[in-house]
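Residues per chain are reported as follows:
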Amino acid sequence: MYVTATIYFVVVGLVLLLGLLSGYFARQILANQQLRRTQNEAKRLLEEASAAHEDMLRKAREEAIKVRAAAETDSRERRFELQRLERRFTQKEEKLEHKLEGLDRREHGIASREREIEAIKVQLEETKAKQLQRLELISGISSDEAKQELLSAIEVEIRDEASRRVRDWESRIKEEIDEKCRDILSTSIQRCATDVVSETTVSTVSLPSDEMKGRLIGREGRNIRALEQATGVDLIIDDTPEAVTISSFDPLRREVARVALNNLVLDGRIHPARIEEVVEKAKNEVDVAIRNEGERAVREAGVMGLHPELIKVIGKLKFRTSYGQNVLTHSLEVAYLSGMLAAEIGTDATVAKKAGLLHDIGKAVDHQVEGPHASIGADLVKQWDKSAEIAQAVSEHHGEAATTSALGFIVATADAISGSRLGARRESLDQYLKRIEALENVANSFPGVEKAFAIQAGREVRILVKPEQVDDLGAMRLARDIVKKIEDTLAYPGQIKVTVMRETRAVDYAK
C-alpha cells in the first residue's frame, strides 16, 4: 500500500514535470515564431523605406535637373538681352558722336556768321552816323532836337485822338449801360412794393387812468426804479394824460419794457417782486416774437434751410431801425430786389434772395460786437450758414471790402435802391443842408470852377466852369476828378450825377 502511493506520487510528479517541460518548450517555440514574424516585418518595412528613399532621391535628382536647366535657360536669355542692350548702347553712342561732330561744325559756322553780322552792323552804324551828319547839316538841327519835336507832335496828336475816342466810347458805352440798367432796375422796382415803418427811440404805453401812474411809481418811487432796473430803460411819467413814455436806444429792451408794462397794467398787481416776474415773462414773450418774426421773414422771402440761430438774429431786426427805416422790412425788400435783379441778369435768384435777406444781419448785434455791421454779418454767416459766397456778398455790400463777386454787386445795388428811394428813410433838415453844402464844396475846390449847384436833393451836381481856363477835354477830366473825390470823401445813398457845363459867348455890337 505504501509502495503503491509512492509510485502514484512519482508518476504524478513525472507527469507534472513533463507538463512543465512541454509548456516551456511550447513557449519557446511560440516566442521563436513571433521573433521570426517580427524580423520578417522589420525587413519588409526596411525594404519599403529603402524603395521610398530611392524614389525620393530619384525625384529630387530630376527636379534638380529641371531647375538647373531652367536656370541655364534664364541665364542664357539674360546674357542674350545684355548683349542686345550693349549693342544698342554702342549704336546710340556712335550716333551721339556723329551728332556732336555735326553740332561742332554748325557751331563753327554760326560763329563765323556772327562775325560777319557784327562786321555788317559796324558798317551800318558808320553809314547811319554819316547820314545823320548830312541830315543835321541840311536841316540845321540836331537829331535829338528833331526826335523831340517829332515825339511832341505825335504826343499831342495821340492825346487829342485818344481823348476824342475815349469821349466817344464813354458816351456810347454809357448810353448802352444806362439803358440796360434802367430797364433792369425799373423792371425790378415795379415788381417790388413794400411798406417801410419808421420808428424812433421811444415807445408810448396807454394807461386806463391817471391813477395808474401813481401805482407805477409806487411808494417813494420803488416800483418805477424796480421796473427800470429790471428792463434797463428809462420810464418818463409826465403830464401826458393816461400815457407813459419808454425811452431807450436798445429796441429789444424797449420792447421788453413795453410788454411788461402792458401786462402789469392789465394784471393790476404792481410791486417789485411782481415786476421782476412779469419782466422775465415779457423777455420770454419777446424771444418767441423774435423767432416768429424771423420765421415769417424767411417764409416771405422764400429762403429755406437757414440755421435756427440765423433765423433768431433775423427776427431781432424787427426791432432795429436805420435812418427811420425798419431793418427787417428793408432786408425783405433787399431780398426781393436781389432775387429780381439776379433773375434779370441770369444768375441764381435763390442765392441772391438769401444774401439780400442776410445782408444787414450784423445790425442785430453790432452794439455787442466791435466792427462794421457788414463784417459782423459776414462772420455770422460763416459761423452758421457755412456759405463763403453769401458771406463775401454780405461783407462787400457797403464797400468795407472790395466788391469782386457778381452777387456782391447785386446785393449792393438792391440795398442802394431800397435805402435811396423816396420816402424810404428819414433825414433831418440839418443833415440834408450839410450834405448839399459838402457836395458844392467838393465841386468848388477844383481850379477853373465858376459856380456849383447841388440839385434834386443832392442827387446831381451841376458845375459851371470858366471857358478860358477849362477846354472841352479838360471838362471831361474835371468831371471824372470830381466824381473820384466825391466817392473818396463823402457818404451818400444811391448815386450822384456830376454835370460839367462850359459855355463860350461871343458878343459884338453893330453901330
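Note that this is a predicted model, so its numbers are computed, not measured.

**Things to note about helix α7 (residues 308-316)**
Argument step 1. When we look at burial in α7, the residues that qualify are Leu-310, Ile-311, Val-313, Ile-314 and Gly-315.
Argument step 2. Of the surrounding secondary structure, the elements contacted by the buried residues of α7 are α6 (272-301), α8 (327-345), α9 (349-358) and α10 (373-384).

**Notes on the side chain of Glu-396**
Argument step 1. By the secondary structure assignment, Glu-396 is in helix α11 (residues 388-396).
Argument step 2. The buried charged residue Glu-396 lacks any salt bridge, with Lys-382 as its nearest oppositely charged partner at 10 Å.
Argument step 3. Looking at Glu-396, its side chain comes within polar contact range of the side chain of Gln-392, at 2.9 Å.

**Digging into α8**
Note that an α-helix has 3.6 residues per turn; residues three or four places apart therefore point the same way.
Argument step 1. For α8, spanning 19 residues, the distance from its first C-alpha to its last is 26 Å, which sits close to the expected 27 Å at 1.5 Å a residue.
Argument step 2. Among the 19 residues that make up α8, 15 are buried, leaving the element largely enclosed by the rest of the structure.

**Examining the packing of helix α5 (residues 251-267) against α6**
Argument step 1. With their axes 8 Å apart at the nearest point, α5 and α6 run at an angle of 125° to one another. The orientation of α5 relative to α6 falls into the category oblique. In the packing of α5 onto α6, the handedness of the crossing is right-handed. Across the interface between the two elements, Leu-252, Glu-255, Val-256, Val-259, Ala-260, Asn-263, Leu-264 and Asp-267 of α5 pack against Arg-274, Ile-275, Val-278, Val-279, Ala-282, Lys-283, Glu-285, Val-286 and Ile-290 of α6.
Argument step 2. Along the lines of polarity and charge, the residues of the contact of α5 with α6 split into 11 nonpolar, one polar and five charged.

**Brief notes about the sheet that holds strand β8 (residues 497-502)**
Argument step 1. The three strands lie next to each other as β6-β7-β8, forming an open sheet whose pairing is mixed. Of all strands in the sheet, those bounded by a partner on one side alone are β6 (449-455) and β8. Each neighbouring strand pair of the sheet contributes to a mean axis angle of 20°, computed without reference to strand direction.
Argument step 2. Pairing of β6 with strand β7 (residues 460-465) involves six bridges; the strand directions are antiparallel. Bridging from a neighbouring strand, Ile-455 pairs with Glu-460 of β7.
Argument step 3. Its contacts with the sheet put helix α14 (residues 472-489) on β6, β7 and β8, and the angle it makes with β8 is roughly 155°.

**Describing the pattern of salt bridges**
Argument step 1. Under the counting rule described, the total for this entry stands at 17 salt bridges.
Argument step 2. Lys-363 is the salt-bridge partner of Asp-360, the closest N and O atoms lying 3.6 Å from each other.
Argument step 3. Its relative accessible area of 8% is what places Lys-363 among the buried residues.

**Some points on the layout of surface pockets**
Argument step 1. The calculated volume of the second largest pocket comes to roughly 220 Å³.
Argument step 2. In terms of lining residues, the second largest pocket is bounded by 13 residues, among which Leu-252, Arg-253, Val-256, Asp-287 and Ile-290 are the most central.
Argument step 3. Within the residue set of the lining of the second largest pocket, elements represented by two or more residues are α5, α6 and α7.
Argument step 4. Its residues assigned to classes, the lining of the second largest pocket comprises four nonpolar, three polar and six charged.

**Section: the confidence of the model for the protein chain**
Argument step 1. For the protein chain, per-residue confidence averages 79 on the pLDDT scale, and 88% of positions sit at 70 or higher.
Argument step 2. Here residues 193-199 scores under 50 on pLDDT; set against residues more than four positions off or in separate chains, the count is 20 contacts.

**Remarks on a negative patch on the surface**
Argument step 1. Side chains of Glu-93, Glu-94, Glu-97, Glu-101, Asp-104 and Glu-107 sit close together on the surface and give a patch of like negative charge.
Argument step 2. By secondary structure assignment, the location of Asp-104 is in helix α1 (residues 2-139).

Cut-offs used in this document
Residues numbered from 1 in each chain as written. Predicted model: local features only at pLDDT ≥ 70, side-chain atom pairs only at ≥ 80, totals over all residues. Heavy atoms only, no water. Buried < 20%, exposed > 50% of the residue type's maximum accessible area, 1.4 Å probe, protein only. Helix = DSSP H or I, 4+ residues; strand = E, 2+ residues; numbered from the N terminus. Contact = heavy atoms within 4.5 Å. Lys, Arg positive; Asp, Glu negative; His and termini not counted. Salt bridge = Lys/Arg side-chain N within 4 Å of Asp/Glu carboxyl O. Polar contact = N/O pair within 3.5 Å; in protein donor to acceptor, adjacent residues only side chain to side chain. Expected span 1.5 Å × (residues − 1). Axes fitted to C-alpha atoms, helices over the stretch in contact; angles between N-to-C directions. Parallel < 35°, antiparallel > 145°, perpendicular 65-115°, else oblique. Left-handed = near helix turned anticlockwise from the far one by under 90°. Nonpolar A, V, L, I, M, F, W, Y, C, P; charged D, E, K, R; others polar. Pairing = 2+ DSSP bridges. 1 Å grid on protein atoms, 1.4 Å probe; cavity = no way out; pocket = protein on both sides within 12 Å on 5 of 7 lines; lining within 4 Å. Points joined across faces, edges and corners; volume = space filled by probe spheres on them. pLDDT = per-residue confidence, 0-100. Patch = residues over 30% accessible without salt bridge, like charges linked within 9 Å, V, L, I, M, F, W, Y side chains within 5 Å. Areas by Shrake-Rupley, 256 points an atom, 1.4 Å probe, with all protein chains shown as cover. Charge placed at Lys NZ, Arg CZ, Asp CG, Glu CD.

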